[in-house]
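# Inside the fold
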Amino acid sequence: MTKIRVYQLAKKLGMSSKELMMKLHELDVNIESHMNTLEDEVVDLLTELVNEEKESKDKKENSNKNSDVKDKKKNMQKEKNEDNKNIKEKSEKNVINIGEKITVKDLADKIKVNPTQLISQLITLGVMAAINQEIDFDTASIVAAEYGYEVKSIQTEEDNKSEEDLLDFEDDPETLQPRPPIVTVMGHVDHGKTSLLDAIRKTNITAKEAGGITQHIGASTITINDKKIVFLDTPGHEAFTSMRARGAQVTDIAVLVVAADDGVMPQTVEAINHAKAANVPIIVAINKIDKYEANPERVKQELAEYGLLPEEWGGDTIFVPVSALKKQGIDELLEMILLVAEMQELKANPNRKAMGTIIEAKLDKGRGPVATVIVQKGTLNVGDAVVAGIAHGRIRAMIDDKGRRIKKASPSMPVEILGLSEVPDAGEHLYVVENDKKAREIAENRKEKLRTEQLKATQKISLDALFEQIKKGEVKDLNIIIKADVKGSIEAVKQALEKLSTEEVKVKTIHSGVGAITESDIMLASASNAIIVGFNVRPTTPAMDLAKREKVDVRTYRIIYNAIEDIEAAIKGMLEPEYKEVILGRAQVRATFKIPNVGVVAGIYVQQGKITRNSKIRLLRDNIVIHEGTISSLKRFKDDVREILTGYEGGLGIENYNDIKEGDVIEAYTLEEVKR
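Now for a quick tour of the structure.

## Regarding the overall build of the chain
A count of helical and extended segments in the chain gives 19 helices and 35 strands. Looking at the chain residue by residue over its 676 residues, the buried ones come to 47%. Roughly 36200 Å² of accessible area belongs to the chain as shown, and the carbon and sulfur atoms make up 48% of that amount.

Shown next as structure tokens:
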């Protein structure tokens, strides 16, 4: 039997909740509210008692009947009918229907009381809620009952739908219009993905990227034969599987770049698997055909083993020989992309609320949170209220891939947007909603869910000692905090590291964020026994000091291979650190001087430790690593010196590097061999 609440039983027995609660107290049943549930035995006992009282009352009334009972009966029946009618009207009037949650203001409107009065009532119940905050069904029921209203739960169609279902929906086929294809270029590192995009867009990204790897995602639009193609750049290394997987979700066509002189490599296979899993058609671009060692036929044979059979061999995969260096085969590749896109009949409805995907997001010093979005459905307009993950806001400005300010973006168009409350995660869906209030409400609900995750503190852990603790069975989870210069890198690093989990140890990311490693990151790592992995960022000076005191292991990297290798080696017990980085000191650039035949020399002031002539240095701008290198000159006044100590000024030149600006920080360090 289903348990029944006090107010439900009272209604069933034809009495008020107050009367029933008095009877319960007489029976020594501990009840605090009319919302409490009752055991079956108590329900049976109460029902029996109330029925007996009714029978007793009826007998007493019958014994007092006189001769004109018939007339009285008529009058009573008439009155009873009127009473029943009034009771029915009153009960219908005093029943309100709500979902699982309701805002204080909406409840006040339903029960016709002043919201301030309702807030006061909630405070007496120990519930602190503002006028626009939501309260749950049970709380609403208790408060409404105080004003003579019964609350009933309603399960609307919307209640049964997920948040994503409500924000996104399928369009009527008649409303769909053709849209440009979105293309992702995939393949093994060094096979020429970025060079191929350079050849297509006539730009040069490679020289600006550390290690020659595209480390930040972007998107660009090109026009050929009066038709547009959108290219989504994704980083090339195996570590960025999540970026490529995310790219494939918004991608219509995958261009797989394979070097004619190298053939199929591990990342090539991984790219094939991602494209197939996302059911995305693959066009193979055999690059570097200009090289002497090029062997396109061998590439075709190797790819045939993975189900990519050329058309001339009876398959359905398009192969295009290209040379990014010599600009050969580029037009043919673009024509093949348009051909495949035409076969797919790519369409979207531009006349609806927009929905898109965040490709990249970062915190810009002057502009605040900036996100790159590819619009997938609808048209995105300046002024639209949007929500993306836990970020919300109103679009203040939109910039296209050519740097122009625009007012609207149609399906497949990549745009940079300003106006969000915070930096959203790369890969989050962006939705246009009715108004700012709705956007804030959705974002707050999502934040609330995130707050439920609690962290437990255990002993401190380091990569060096990890394998020993795994062998002893002391470690089951390896907690990691990831800090990086942009959001796209974070998501990729997170997925790559978590993929290293084994049966003995599970790699778990407990926190991630954009920007320098701060004191709060160190304290979180200390409390949750985590290792901090910094990608292209450095800890602040106070954070470095705190990390030493708290014995938190902070690892910083510029090329992501090293982070993967370190943690993978630690898990497998192969971590053999040969050198340990020792920070010598930090200096601030107070001025810069251009010296003929030498270059730019920085006028520095040493804030901490010392700067030595033979130390290695890294140049930091807003705690982001701009350059790593060696010192070419170190002077005090006109004299060459071996070191400059804290509190002293001097001149410093960086070997083969001139992009030094006032306000930059120079961090000096050495690598010391670790005794085994």
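## Focus: the packing of aromatic side chains
Tallied over the entire structure, the rule returns zero aromatic pairs. The ring of Tyr669 has Arg618 lying over it, and the distance from NZ or CZ to the ring centre is 4.1 Å.

## Remarks on the pairing of strand S18 (residues 385–388)
Judged by which residues are buried, S18 turns out to be covered on both faces: Ala385 and Val387 on one side and Val386 and Ala388 on the other are all buried. Here S18 runs beside strand S19 (residues 391–400); their pairing, made up of four bridges, is antiparallel. Within S19, the residue paired with Val387 across the bridge is His392. If you look at the hairpin formed by S18 and S19, you'll find two residues sitting between the two strands, and Gly389 has a positive phi there, around 65°. Relative to strand S23 (residues 429–433), S18 runs antiparallel, the two being bridged by four bridges. Bridge assignment links Val386 to a residue of S23, and that residue is Val432.

## Focus: the sheet that holds strand S27 (residues 554–557)
Strand order in the open sheet formed by four strands is S25-S24-S26-S27, and the pairing between neighbours is parallel. The open sheet is flanked by strand S25 (506–514) and S27, the only strands paired with a single partner. Taking each pair of neighbouring strands and ignoring which way they run, the sheet shows an average axis angle of 25°. Here eight bridges tie strand S24 (residues 477–484) to S25, and the two strands are oriented parallel to one another. In the strand pairing of S25, Ile482 is matched with Ser512.

## Description of the nonpolar core
Counting 28 residues, the largest nonpolar core has Leu196, Ile229, Phe231, Ile283, Leu333, Leu334 and Ile337 as its most contacted members. At eight residues, helix H13 (residues 330–344) tops the list of elements feeding residues into this core. Those residues within four positions of Leu334 in sequence are excluded, and the remaining contacts are Ile200, Ile222, Ile224, Ile229 and Phe231. By size, the runner-up hydrophobic cluster in this structure holds 20 residues, among which are Val493, Ala496, Leu500 and Ile571.

## Looking at a nonpolar patch on the surface
Among the surface-exposed residues, Leu27, Leu45 and Leu49 lie close enough to one another that they form a single nonpolar patch of about 210 Å² accessible area. Note on placement: Leu49 falls in helix H3 (residues 40–63). Overall, the relative accessible area of 30% leaves Leu49 in the partly exposed class.

## Some words on helix H18 (residues 541–550)
For H18, every residue scored as buried is listed here: Ala543, Met544, Leu546 and Ala547. For H18, the arc enclosing every buried residue in end-on projection is 165°, short of the 170-degree limit, so these residues lie on one face. Exposed residues pointing more than 90 degrees away from the buried face of H18 are listed as Lys548 and Arg549. Lys551 sits one or two positions beyond H18 and adopts a positive phi of about 55°.

## Some details on the packing of helix H17 (residues 519–528) against H18
One can describe the packing of H17 onto H18 by two numbers: an axis separation of 8 Å at closest approach and a directional angle of 15°. If you check the angle between H17 and H18, you find them roughly parallel. Handedness of the H17/H18 crossing: right-handed. Contacts between H17 and H18 involve Glu519, Ile522, Met523 and Ser526 from the former and Pro542, Ala543, Leu546, Ala547 and Glu550 from the latter. Residues belonging to the contact of H17 with H18 are distributed by class as follows: six nonpolar, one polar and two charged.

## Regarding the environment of Val375
Note that Val375 resides in strand S16 (residues 368–377). Under the relative-accessibility criterion, Val375 is labelled buried at 1%. When the C-alpha positions of Val375 and Thr357 are compared, they lie 6.7 Å apart, and in sequence the two are 18 residues distant.

## Examining unusual backbone geometry
At Glu345, a position not held by glycine, the phi torsion is positive, near 50°. Tracing the chain through its elements places Glu345 in the loop between H13 and strand S14 (347–348). For Asn597, which is not glycine, the phi torsion reads 65° and is therefore positive. One can find Asn597 in the loop between strand S28 (579–595) and strand S29 (599–612).

## Describing the pattern of salt bridges
Tallied over the entire structure, the rule returns 25 salt bridges. The residue Asp261 makes a salt bridge to Lys291 at a minimum N-O spacing of 3.3 Å. Separated by 30 residues along the polypeptide, Asp261 in the loop between strand S11 (253–259) and helix H11 (266–277) and Lys291 in the loop between strand S12 (282–287) and helix H12 (296–304) bring together distant segments of the chain. Residue class for Asp261 comes out partly exposed when judged on its relative accessible area of 24%. Given the relative accessible area of 36%, Lys291 is considered partly exposed. The partner of Asp622 in a salt bridge is Lys365, with the nearest N and O atoms 2.9 Å apart. Here Lys365 lies in the loop between strand S15 (355–364) and S16 and Asp622 lies in the loop between strand S30 (616–621) and strand S31 (624–636), a separation of 257 residues in the sequence. Comparing Asp622 with Lys365 shows no difference in burial state: the two are exposed. Taken together, the salt bridges that share partners define one network made up of Arg538, Glu581, Arg586, Arg618, Glu628 and Glu667.

Criteria and thresholds
Residues numbered from 1 in each chain as written. Predicted model: local features only at pLDDT ≥ 70, side-chain atom pairs only at ≥ 80, totals over all residues. Heavy atoms only, no water. Helix = DSSP H or I, 4+ residues; strand = E, 2+ residues; numbered from the N terminus. Buried < 20%, exposed > 50% of the residue type's maximum accessible area, 1.4 Å probe, protein only. Areas by Shrake-Rupley, 256 points an atom, 1.4 Å probe, with all protein chains shown as cover. Phe/Tyr/Trp six-rings, centres within 6.5 Å; stacked < 30°, edge-to-face > 60°. Lys NZ or Arg CZ within 6 Å of the ring centre and 35° of its normal. Pairing = 2+ DSSP bridges. Axes fitted to C-alpha atoms, helices over the stretch in contact; angles between N-to-C directions. Core = buried A, V, L, I, M, F, W, Y, C linked by side-chain atoms within 4.5 Å. Contact = heavy atoms within 4.5 Å. Patch = residues over 30% accessible without salt bridge, like charges linked within 9 Å, V, L, I, M, F, W, Y side chains within 5 Å. Salt bridge = Lys/Arg side-chain N within 4 Å of Asp/Glu carboxyl O. Arc of directions from axis to C-beta. Parallel < 35°, antiparallel > 145°, perpendicular 65-115°, else oblique. Left-handed = near helix turned anticlockwise from the far one by under 90°. Nonpolar A, V, L, I, M, F, W, Y, C, P; charged D, E, K, R; others polar.

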